Every structure is written in C-alpha cells, then in structure tokens.
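# Chains, contacts and geometry: an overview
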There are 2 protein chains.
Amino acid sequence: MPVTARPPGRPRAGIDATVFAATLTTVAELGYANATVDRIAAAAGVAKTTVYRRWPSKGALITACLVDAFGPAPLTGTDRAEILAAAIRWAAGKVADPGVGAAFAGVFTDAVNDPELRGILATQLQDPYRVALQEALDEPENRVLFFIDVVIGTLIHRMGMTGEPMVAADVDALVDMVLRVLG
Amino acid sequence: MPVTARPPGRPRAGIDATVFAATLTTVAELGYANATVDRIAAAAGVAKTTVYRRWPSKGALITACLVDAFGPAPLTGTDRAEILAAAIRWAAGKVADPGVGAAFAGVFTDAVNDPELRGILATQLQDPYRVALQEALDEPENRVLFFIDVVIGTLIHRMGMTGEPMVAADVDALVDMVLRVLG
DNA sequence: GCCATTATGCTACTTCTAGTATCGATACCC
DNA sequence: GGGTATCGATACTAGAAGTAGCATAATGGC
C-alpha cells in the first residue's frame, strides 16, 4: 500500500506511453525539427494542452521519452570488458532505433544553450547510467563521464553527420578502442 | 590575373570578416539559441537582409563562420602519433574558443534534421580535414571518418552536456586513447 | 565629374512554432 | 449520483526565420 493515496478526480489514463510512442514515430517520420508539439499531440490523439500539462517543455517531453525508450542499462557480464562491450553495443542499438537517435541529437542540441534543459538531461537521462557504471566498473566519476562522452558523442556525431546510425563494423571498432583503455 | 574580371558596381567591403566576428561574440555572449540573425546583424552593424544575401540560411552562416574560425588544420609532426596528437589538441583548442564550441554544437544539432545543411556541413567543414588526414595518415576514408566521429563527437558531447569545454586532463586521455588505436 | 551597375539599409511582411489562458466536457473513485 | 481533477478545444501571445520592394550609397569606367 503506497504512502500517497490515489487522488480523487479523473485519473490519467495510459497517456504517457501513447505520447511517447507518438513522439518517436513522429520524429522518425518528420525529423526532430518538424516534430512539433502540435503534430506529436495529434499523432497521439491528445490535445496539445495535455502535453504541456504533463511536461513543462518540448525538451522535457523528449527527454522523458528517451528515458523511457532507453530504460535501465543491462550492465551484465562477468568482467569489466564484457560489461563495457555490452553497454556500448546496447547504447549503439538504442541510438539506431527509429526516432531515438534523431530525438537524442535534437534534444542534445537544444540543451547546449538551455541550462535548465541541460540539467534535466544530465539528471534524468545521464546520471542513472553514470552511477550504475561507477558501481559496476569501480571507476571514479570523471572517468565514467569521459567514457560516456566518448561512446555517446561518437554515436551521435555519426548520426548527425550522416543521418544514419553507425554500422556494425564501426561499433566494433568503438568497442575495441574503449576496451584498450578501460578494459 | 584572375579569369573572372571584377564585376562593376558597389563592391563588397570586408563584411564577411565583420559578420563572422559578430557571430562568434554573439553566440559566446547569448548562446546559440539566442543568437538570432537579427542580433548578429546588429552586432556586425549590417542589415539582416545583407546577411541573407550572402548566406542562404542561418546554418550556412554559422558553418561558414566555423570554416573561417577553424582554418586549415596544422597536420605537423614527424610521425603518425605526433600528427594525430597535434590534430586532436588543435581541435580541442578550437572547440574551446569563445563561441566556437557553442556554434559548432548548435549548427550540428540543426543539421541532424536538415539534409541540406548536413551537406553543407559535411562538404565545407568536414571534408577538407578528412582529405588532409587521409593523405597525412595514409588511412582509408572510413577509418578517418571514424577518427573524426570519436574526436569531435567526444569534444562536442562534453561541451553540450556541461556547457564547458573539455579540461586538459581529459584531452590528454582522448589523445592517449586514439593513439593506442591509430598511432 | 558623370553614369551604369550592384550591394546595402530599411521597413514591412509572411509563416511557423513554443508556450499560455480559459472554460466546458468528461471520466473516475467513493 | 456527486465531487474532483484532468482532458479537449479554441484562441491567443511572443519571437524567430526568411522574403519582398524600394530608396540609397559606393565603386569602376568613361
């Protein structure tokens, strides 16, 4: 029994999941810049005002959508090398999912000049993985942050410059490179 | 004597350099999102229409500004390791220049969902360095592109997530990591 | 010095999007 | 059925990208 009793009134239906799905498909079809909140709301079958009641800004919506799309990191493996390799391949696969890479790159760009959104992105999306990696690898924070910069930065740069996710051979090269330093 | 004779009429003054300088200072002061074409033009002391007569879009202006700010890469050194290390440190220094990193991250983000701008960015900014690196390192194109993804992606990711350029110690780590693979 | 030529400055405009306000309708739990 | 909080719909504001039209200014050539 939860401490907070369910409040009375019209409850929220499964709107979050519907909006998240609509966000990814809209971004995948039209691109981040053309995925306006109006269009996302229409694709989800909800009113734009409903979106803004649940998320304070478009960037916050995209970030929440990405947190949902990525989910918990599968830090599985018997040793550091296996954990790292699995984490990199998992990240590469997620970035290659339809809409995820474009949404990631888009919200990242928006965050560059929006300190508030940057905090949301760092806290809600990056920090859980950073903390989990610090524990799984027994590495200091700055080392894990560097690892995230390299892996995510490389994947997003490829996605942004070519419009296509990184091919398997290059993901292999990324895994090899990182393992030589942190493995 | 150039093949194309100078056309008659009012010649262009040194407007390009003025606008480029105003672009970087405006982006450095206000951030990419707030560096509107109106404000950049005002900072440069020219009319907005003049900017749009010279560059077809804001993204093209920023790209041209970055091409000017980066200039030719100093691929100096007696061996591959020296060349690579110098190139990485040079890139890190440029990204850390006031306005350059933010402008780079911003135009990169814009390019993700704008194929036309992506072409401009790849052709005018990336390709010259790619070709020069291919010759200097005697590496195939896909290998050099991977190198660029890693170095620029890492630097931009750090800049985007923290708002600050990468510190020297982490640039050292980046150099070490790349040298283990390509050096 | 004058003229043709071309770029610039200026004003106004269109279009699009993020985000907000208001209010009636609706769905849920009790 | 009633209370409550959310949803839908419409309308709105503010701001930025990009465009149009025209008067003006600066240059080289004569």
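Since the structure is predicted, the reported quantities are computational estimates derived from the model, not experimental observations.

Moving on, we get to the overall build of chain A. Helix and strand counts for chain A stand at nine helices and zero strands. Its C-alpha atoms give chain A a radius of gyration of 18 Å, near enough to 16 Å, the size a compact globule of 183 residues would have. By principal-axis analysis of the C-alpha atoms, chain A measures approximately 55 × 45 × 30 Å. The buried share of chain A, taken over its 183 residues, is 49%. Looking at chain A alone, contacts between residues at least 24 apart form 63% of all its contacts between residues at least 6 apart.

We now examine the environment of A33(A). Assignment of secondary structure puts A33(A) in the loop between helix 1 (15–30) and helix 2 (37–44). As for A33(A) and V181(A), which are separated by 148 residues in sequence, their C-alpha atoms are 37 Å apart.

This brings us to the domain arrangement of chain A. Residue and element names in this part refer to chain A. Per the domain assignment, the segments making up chain A are domain 1 (15–65) and domain 2 (71–182). Using C-alpha coordinates to define each centre, domain 1 is positioned 23 Å away from domain 2. Listed per partner, the contact involves eight residues of domain 1 and 12 residues of domain 2. A combined buried area of about 830 Å² lies between domain 1 and domain 2, and 77% of that area is made up of carbon and sulfur atoms. A per-residue breakdown of the area domain 1 buries against domain 2 is headed by L24, Y32 and T63, which together make up 57% of the total. Our count for the contact surface shared by domain 1 and domain 2 stands at zero salt bridges. Take the side of domain 1 that touches domain 2: its biggest share by element is four residues, from helix 4 (residues 58–70). Residue composition of the side of domain 1 that touches domain 2, by class: six nonpolar, two polar and no charged.

Attention now moves to the environment of G71(B). Residues and elements named next belong to chain B. Along the chain, G71 turns up in the loop between helix 4 (58–70) and helix 5 (80–96). Taking C-alpha positions, G71 is 9.4 Å from L125, a pair spaced 54 residues apart along the chain. Non-local contacts of G71, meaning those with residues more than four positions away in its chain, are made with W90 and Y129.

Moving on, we get to the side chain of R118(A). Within the secondary structure, R118(A) sits in helix 7 (residues 115–137). Notably, R118(A) is buried but unbridged: the nearest opposite-charge side chain belongs to E164(B), and the N-O separation is 6.7 Å.

Every contact between the two is made by 38 residues of chain B and, on the other side, 38 residues of chain A. Regarding the contact of chain B and chain A, the summed buried area is about 3400 Å², with carbon and sulfur atoms giving 67% of it. Its largest share of buried area at the contact with chain A, chain B owes to F146(B), H157(B) and M161(B), together 20% of the area lost on that side. Connecting chain B to chain A are two salt bridges. One can count five residue pairs in polar contact (both at pLDDT 80 or more) joining chain B with chain A. Secondary structure elements with two or more residues in the side of chain B that touches chain A: helix 6 (100–112), helix 7 (115–137), helix 8 (141–162) and helix 9 (168–182) of chain B. Among the elements that line the side of chain B that touches chain A, the one with the most residues is helix 8 of chain B, at 14 residues. Across the side of chain B that touches chain A, the residue classes break down as 21 nonpolar, 11 polar and six charged.

Moving on to the environment of A17(B). Relative to the elements of secondary structure, A17(B) occurs in helix 1 (residues 15–30). You can call A17(B) exposed: its relative accessible area is 52%.

Before going further, it helps to spend a moment on the packing of helix 6 (residues 100–112) of chain A against helix 7 of chain A. All names here are of chain A. The N-to-C vectors of helix 6 and helix 7 enclose an angle of 130°; their axes lie 7 Å apart at closest approach. With respect to their mutual orientation, helix 6 and helix 7 come out oblique. Here F104, V107, F108, D110, A111 and V112 of helix 6 lie close against helix 7, whose contacting residues are L117, R118, L121 and L125.

Take chain B, turn it by 180°, move it 0.0 Å along the axis, and it overlays chain A with an RMSD of 0.1 Å. Here the copies are linked by what is in effect a two-fold axis. Of the residues that chain B buries at the interface, 100% are likewise interface residues in chain A, meaning the two copies contact each other through the same surface.

Tallied over the full model, the rule gives 16 salt bridges over all chains. Between E139(B) and R80(B) there is a salt bridge, and its shortest N-O distance comes to 2.7 Å. Of this pair, E139(B) sits in the loop between helix 7 and helix 8 while R80(B) sits in helix 5, placing them 59 residues apart in sequence. When the shortest N-O distance is used, the salt bridge between R158(B) and D170(B) registers 3.0 Å. Of this pair, R158(B) sits in helix 8 while D170(B) is found in helix 9, placing the two residues 12 residues apart along the sequence. Grouping residues by exposure puts R158(B) and D170(B) together as buried. One continuous salt-bridge network, built from bridges that share partners, spans D127(A), R130(A) and E141(A).

Scoring rules and cut-offs
Residues numbered from 1 in each chain as written. Chains lettered and ligands numbered in written order. Predicted model: local features only at pLDDT ≥ 70, side-chain atom pairs only at ≥ 80, totals over all residues. Heavy atoms only, no water. Helix = DSSP H or I, 4+ residues; strand = E, 2+ residues; numbered from the N terminus. Rg over C-alpha atoms; globule rule 2.2 N^0.38 Å. Buried < 20%, exposed > 50% of the residue type's maximum accessible area, 1.4 Å probe, protein only. Contact = heavy atoms within 4.5 Å. Domains from an automatic or database assignment. Buried area = accessible area lost by both parts, 1.4 Å probe. Salt bridge = Lys/Arg side-chain N within 4 Å of Asp/Glu carboxyl O. Nonpolar A, V, L, I, M, F, W, Y, C, P; charged D, E, K, R; others polar. Lys, Arg positive; Asp, Glu negative; His and termini not counted. Polar contact = N/O pair within 3.5 Å; in protein donor to acceptor, adjacent residues only side chain to side chain. Axes fitted to C-alpha atoms, helices over the stretch in contact; angles between N-to-C directions. Parallel < 35°, antiparallel > 145°, perpendicular 65-115°, else oblique. Least-squares fit on C-alpha atoms with pLDDT ≥ 70 in both.

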